[in-house]
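Per-entry structural report
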Amino acid sequence: MARQSERQASTVMVPKGEEQPESPKIHTLGSNELRKPAKRISKVNEQVRELAREMLRSMYAAHGIGLAAPQVGVHQQLLVIDLDPEEAANPPLVLINPEIVATSGALDTYEEGCLSIPGVYLNVVRPSQVDVKYRDELGRPQRRKADGLMARCILHEMDHLNGVLFVDRVSDELSLSGELQRLGFDRNDVKPVA
Ligand SMILES: [Zn+2]
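Below you will find a few notes about this structure.

**Focus on the pattern of salt bridges**
- Scanning the model with the defined rule gives 16 salt bridges in all.
- A salt bridge links Glu50 to Arg53, with the nearest nitrogen and oxygen atoms 2.8 Å apart. Taken as a pair, Glu50 and Arg53 lie in helix H1 (residues 46-61) at a separation of three residues, close to a single helical turn.
- In this structure Arg53 comes out as buried when scored by relative accessible area, which is 13%.

**So, the pairing of strand S2 (residues 78-81)**
- Burial along S2 is two-sided: Leu78 and Val80 facing one way and Leu79 and Ile81 facing the other are all buried.
- Pairing geometry for strand S1 (residues 66-68) and S2, over three bridges, is antiparallel. Following the sheet pairing, Gly66 is matched in S2 by Ile81.
- Where S2 lies against strand S3 (residues 93-103), four bridges are found, and the strand directions are antiparallel.

**Quick word on the sheet that holds S3**
- In spatial order, the strands read S1-S2-S3-S6-S7; together these five strands make up an open sheet with antiparallel pairing. Two strands bound the open sheet, and with one partner strand each, they are S1 and strand S7 (141-147). Strand-to-strand twist across the sheet, computed as the mean angle between neighbouring axes with direction ignored, equals 40 degrees.
- One ladder, built from five bridges, connects S3 with strand S6 (residues 129-135); its direction is antiparallel. What sits directly across from Thr103, in S6, is Val130.
- In this fold H1 packs onto S1, S2 and S3, with an angle of close to 45 degrees to the strand it touches most, S2.

Procedures and definitions
- Residues numbered from 1 in each chain as written.
- Predicted model: local features only at pLDDT ≥ 70, side-chain atom pairs only at ≥ 80, totals over all residues.
- Heavy atoms only, no water.
- Salt bridge = Lys/Arg side-chain N within 4 Å of Asp/Glu carboxyl O.
- Helix = DSSP H or I, 4+ residues; strand = E, 2+ residues; numbered from the N terminus.
- Buried < 20%, exposed > 50% of the residue type's maximum accessible area, 1.4 Å probe, protein only.
- Pairing = 2+ DSSP bridges.
- Axes fitted to C-alpha atoms, helices over the stretch in contact; angles between N-to-C directions.
- Contact = heavy atoms within 4.5 Å.

Quick look at the structure:
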């Protein structure tokens, strides 16, 4: 897993932990906000950085490791990821206008969850590696090759930018229906990907 940008000083860091001031609400399965595609960000400015900070607050408050702007009702191509939310000094990763350059042919199965579908954890098959280009929180072009949990997280969050949720990719129909019902979600809010 490439970790080259983790040593850079991040200008969007917020204190970690579940105590967060006024963090935006995360929309849940059934909300139309999660189904609208996100638009490219034309200029990376302080407003974009403040959105990233607000998203990080919501993410940390909910014990998540990744969040996409549509989950807080903002339809812009912005993702935040922090695989070490317990590690105060580890800067989060901010991906603006992410684009997949390539994915591996090799696939992995992994049990995913989502802050927009709290409590539901189900197996999803995805490429095990991804090569992605994006702009960082200072607007600088970046490129990163990721595997393992980082690849999984990038692909999951990028789906959100297209209005796709991980449950749309679950092939085990029985587990899907059972889990959604158990957590009080409506099976009809799943839109299976072709
Ligand atoms: Zn999600």
